[in-house]
Amino acid sequence: MSRQDQIKKLIDLREQARLGGGLKRIEKQHQQGKYTARERIEKILDEGSFEEYDMFVTHRCRDFGMEKESFPGDGVVTGHGTIDGRIVYIFSQDFTVFGGSLSETYAQKICKIMDQAMKVGAPIIGINDSGGARIQEGVMSLAGYAEIFQRNIMASGVVPQISAIFGPCAGGAVYSPALTDVVIMSNKTSYMFVTGPKVTKTVTGEDISTEDLGGATVHATKSGVAHFRADDEDEGIMLIRKTLEYLPQNNLEDPIQTECHEPIDRVSDELNTIIPENSNQPYDVKDIIYKIVDDAEFLEFHRHYAKNIVVGFVKFNGRPVGVVANQPNFLAGVLDIDASKKAARFVRLCDAFNVPILTLVDVPGFLPGSKQEYGGIITNGAKLLFAYGEATVPKVTITLRKSYGGAHDVMSCKQLRGDINYAWPSAEIAVMGASGAIQILEGNKMNEITDPKELQNYVLDKEAEYVEKFANPYIAAKYGFIDDVIEPRNTRFRIIRAFQTLETKKCTNPPKKHSNIPL
Ligand code: HXC
């Protein structure tokens, strides 16, 4: 073969690989509102940056007539490229080849780029669109999954791992995305479940649709498996790129600082009156977040799940910061099982990747009741407490209003190594709210009062006395548990200066194999 023919052969082979399972199947993929594996990669990465690996790999299966059918690349496109100039490794499952199902060689391709990513310390992006284990390959496929899981585990906390689900993701295959840091699902075109509707019906008798069992809405609102529900793949792709903007390449680096176009000492007079006069009146904590951060930009994680707590990435003076904020607009901002799990996982994401944490506190306490107790609010609440106490990144806490009881301790208090703890003058830091406290402290006296009017006045007087004495920031400030009571309008500047002073913070935990967080 002449040199020229050799080149032509290479070009032809590449052409063939790029067609995946063929034009007909590509057409079907498009008809379903989905991009192909390669189109997704092109849209995620910086233009022209993709370098593909293992384009000529084929499966080795000789059963079920598979020896007669093979496609170069074998159903997954892998390689590396850049996002905003920073290197990332990526695999993208190709549904047009055997339904994107996972074979032995396919798993090896994914493992190869995961190993490379770990070697160079770069994020891993996985695009899932697959019918699961390649049925013809049996246990080889199961072993392949386990090889990937093991790498997901080893990479956890070392390089950021982002999963996008843009099609089916079923059976044990769900566990690779579940092991990663961020899961993004496209609305209506993706689903995730361990057992699908047919098996569910056979085993339990429950009749349920694919969408209701494992669609993006279910996982973004009920299970919390998905951090983001994207309207479509384009939004999902934007979210992948955006998320990486706030994270470093690996755990040994800091997130990058970008240029900030706003004054760091911008004051917001509206903040002085944003907390309602009536302490029981709700407000939207996101209004406060938008007013204090750079460019009013907030990448909110889990927006539709456990809405009583708000978490996500922002920037202060161009530096990425993770925000955790109680949300008085939903369930009065109470801490419950789901909110605790959501916030704990986010705090650990920030801590793993050196993202400082800002905590905005307005929490009336933990949600009472048998449902919460039976569901393990003790263990789950402890997750958040543990996550904060273990975190070594700079931690700035601002108490906006309520900070009661155990929830006060959990929400990044001073003794959980909060580095700088400020409070607004509207803060109420105490063991419990006025009405609960008066019921306990004055219960016997109240039982003796028979006249309803007299009882009402007595309770109001006692509550007012309690509020005056305890429901304010100054007792905590007196003990140094609050470093300063600040004017709300200056909050942005105080936060930026606090994080600036903490840039050289040194804090390490004692050497150990690993902690035993109450899972
Ligand atoms: C081999 C598969 C496949 C699989 C799909 N295909 N799934 N080939 N192994 N697991 C092939 C089909 O034969 C078909 O080939 C092509 O992919 C497209 O599939 P369709 O069924 O035509 O597509 P669609 O109607 O869109 O349905 C998609 C689907 C369905 C819902 C994913 O294909 C499906 O139910 N597949 C099986 C899913 C499954 O049970 N997987 C095993 C789960 S257990 P042609 O040649 O016609 O294009 C598991 C364990 C993992 O994954 C354990 C990890 C620890």
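Before going into details, it helps to say that this report is about the structure given with it. These numbers come from a predicted model, not from an experiment.

Nonpolar side chains collect at one region of the surface, where Leu10, Leu13 and Phe56 lie side by side and expose about 240 Å² of accessible area between them. With respect to the helices and strands, the residue phenylalanine 56 is situated in the loop between strand S1 (51–53) and strand S2 (76–83).

This next bit is on the site of the ligand. In the region of the ligand, 19 residues are neighbours, and Arg25, Gly99, Gly131, Ala133 and Ile135 sit closest. Here a nitrogen atom of the ligand sits 2.6 Å away from a polar atom, N or O, in the main chain of glycine 131. Protein burial of the ligand: of its 1,000 Å² of free accessible surface, 56% is covered by the chains. Taken together, the elements giving at least two residues each to the shell around the ligand come down to helix H2 (23–31) and helix H5 (139–155). When residues of the shell around the ligand are assigned to their parent elements, the largest contribution, three residues, is made by H5. Looking at the shell around the ligand, its residues break down into 10 nonpolar, six polar and three charged.

One open sheet holds the seven strands; their spatial order is S1-S2-S3-S4-S5-S7-S9, and the pairing between them is mixed. What marks the edges here is a single partner per strand, and that holds for S1 and strand S9 (228–230). The sheet shows a mean angle of 20 degrees between the axes of neighbouring strands, taken without regard to direction. As judged from the eight bridges shared by S2 and strand S3 (residues 86–93), these two strands associate in the antiparallel manner.

Our focus in this paragraph is unusual backbone geometry. If you check the backbone angles, phenylalanine 64 has positive phi at about 55 degrees while not being a glycine. Counting through the fold element by element, phenylalanine 64 comes out in the loop between S1 and S2. Accessibility expressed as a relative area gives 71% for phenylalanine 64, which makes it exposed. Of note, the phi angle at lysine 188 is positive, near 70 degrees, even though the residue is not glycine. Position of lysine 188 among the secondary structure elements: in the loop between strand S7 (182–186) and strand S8 (191–193).

Looking now at the packing of aromatic side chains. Scanning all chains against the criterion turns up 11 aromatic pairs. Measuring from centroid to centroid gives 5.3 Å for phenylalanine 313 and phenylalanine 346, while their planes differ by 50 degrees, and the two rings are tilted. Within this pair, whereas phenylalanine 313 is found in strand S11 (residues 309–316), its partner phenylalanine 346 is found in helix H12 (residues 337–352), the two being separated by 33 residues in sequence. Classification of phenylalanine 313 by relative accessible area gives buried; the value is 0%. A relative accessible area of 4% means that phenylalanine 346 is categorised as buried. An aromatic cluster of at least three residues, connected via ring pairs, comprises Phe228, Tyr246, Phe301, Phe313 and Phe346. The ring of tyrosine 246 carries lysine 315 above its face, with NZ or CZ at 5.5 Å from the centroid.

Thresholds, definitions, all that
Residues numbered from 1 in each chain as written. Predicted model: local features only at pLDDT ≥ 70, side-chain atom pairs only at ≥ 80, totals over all residues. Heavy atoms only, no water. Patch = residues over 30% accessible without salt bridge, like charges linked within 9 Å, V, L, I, M, F, W, Y side chains within 5 Å. Areas by Shrake-Rupley, 256 points an atom, 1.4 Å probe, with all protein chains shown as cover. Salt bridge = Lys/Arg side-chain N within 4 Å of Asp/Glu carboxyl O. Helix = DSSP H or I, 4+ residues; strand = E, 2+ residues; numbered from the N terminus. Near = heavy atom within 4 Å. Polar contact = N/O pair within 3.5 Å; in protein donor to acceptor, adjacent residues only side chain to side chain. Nonpolar A, V, L, I, M, F, W, Y, C, P; charged D, E, K, R; others polar. Pairing = 2+ DSSP bridges. Axes fitted to C-alpha atoms, helices over the stretch in contact; angles between N-to-C directions. Buried < 20%, exposed > 50% of the residue type's maximum accessible area, 1.4 Å probe, protein only. Phe/Tyr/Trp six-rings, centres within 6.5 Å; stacked < 30°, edge-to-face > 60°. Lys NZ or Arg CZ within 6 Å of the ring centre and 35° of its normal.

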